[in-house]
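# Fold and contact review
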Amino acid sequence: MAAKYTFTRNSIAYKSNGTPVPANQPRFEPGKFGKAVMVEEGTTNLVPDSEAFDAASWTKESFVGSITPNAATSPWGTLTADQINMTAGYVYRRMTLTAGRTYTFSCWVKSATGANISNGGLAIWCYNGAAGSKLRVRSTVTITPSWQRFSISYTAAADETDFSFIVAGAAIVLPYNVYVWGAQVEEKPYATSYIPTSGATATRSPETLTIPTAGVLSAQRGEIAIL
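Notes on the structure follow. Since the model is a prediction, treat every value here as computed from it, not as a measurement. (Residues numbered from 1 in each chain as written. Predicted model: local features only at pLDDT ≥ 70, side-chain atom pairs only at ≥ 80, totals over all residues. Heavy atoms only, no water.)

Core analysis: the largest hydrophobic core is formed by 31 residues, its most contacted members being I84, F105 and V167. When residues in this core are grouped by element, the largest group, five residues, is from strand β16 (residues 176-186). Among all residues touching V167, those that are not within four sequence positions of it are F53, W58, I84, V91, F105, C107, G121, L122, Y176 and V180. (Core = buried A, V, L, I, M, F, W, Y, C linked by side-chain atoms within 4.5 Å. Buried < 20%, exposed > 50% of the residue type's maximum accessible area, 1.4 Å probe, protein only. Helix = DSSP H or I, 4+ residues; strand = E, 2+ residues; numbered from the N terminus. Contact = heavy atoms within 4.5 Å.)

What follows is the structure, encoded as structure tokens:
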């Protein structure tokens, strides 16, 4: 008889297709040899309105254009993706970070014109520090008519705490007509699976998978391979 595993996660989590999975239930995702259990560390999405770019928590600075909520179907199949059609200005979320720590900003983006948009992407702007108030890091990508999840990471310098996370800005090719969805800022050097928010931050607890080895592995010989 196969050994029975135990799994813990003290919060809800979401599969890659948006299916919510209750606390302490594993997320089965397609893997190399069929379905596999996803196991991730805990994290918090620091963006309070991850799918509502028209919300007041997203600053519109010198913005010329329009933001249309729920204008397109999201990667999860819900009508929750917003359209940003702009000719000037910025759309960003400003927040205070902890100096010396690494954060990753991610968001799904696709062209709303049916054609590729060059020189698009995400950006992180700093408002304080020895280097002054200016762009710290930016992705340079081609926005296509298909959904792509872009991400950029940055480690705040010792004297840096005040940042904005730009999902659309004048530094890109204009006009800029895109669909955006699922913004996430997390204290990680990489992007983890998406956590939706609405009016507040949201946390996914750490996941632990324990597989007993008694009666499964020989005490004298054998090997374990991680593929």
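Quick look at the side chain of T80 now. Following the sequence through the fold, T80 ends up in the loop between β7 (59-72) and β8 (81-96). A polar side-chain atom of T80 sits 3.0 Å from a polar atom in the side chain of W181. Discounting residues that sit within four places of it in the chain, T80 has contacts with E51, N70, A72, S74 and W181. (Polar contact = N/O pair within 3.5 Å; in protein donor to acceptor, adjacent residues only side chain to side chain.)

What follows is about a nonpolar patch on the surface. A cluster of nonpolar residues, Y5, F28, V39, L209 and I211, forms a patch on the protein surface that exposes about 410 Å² of accessible area. With respect to the helices and strands, the residue I211 is situated in the segment after β18 (208-210). Classification of I211 as exposed rests on a relative accessible area of 54%. (Patch = residues over 30% accessible without salt bridge, like charges linked within 9 Å, V, L, I, M, F, W, Y side chains within 5 Å. Areas by Shrake-Rupley, 256 points an atom, 1.4 Å probe, with all protein chains shown as cover. Salt bridge = Lys/Arg side-chain N within 4 Å of Asp/Glu carboxyl O.)

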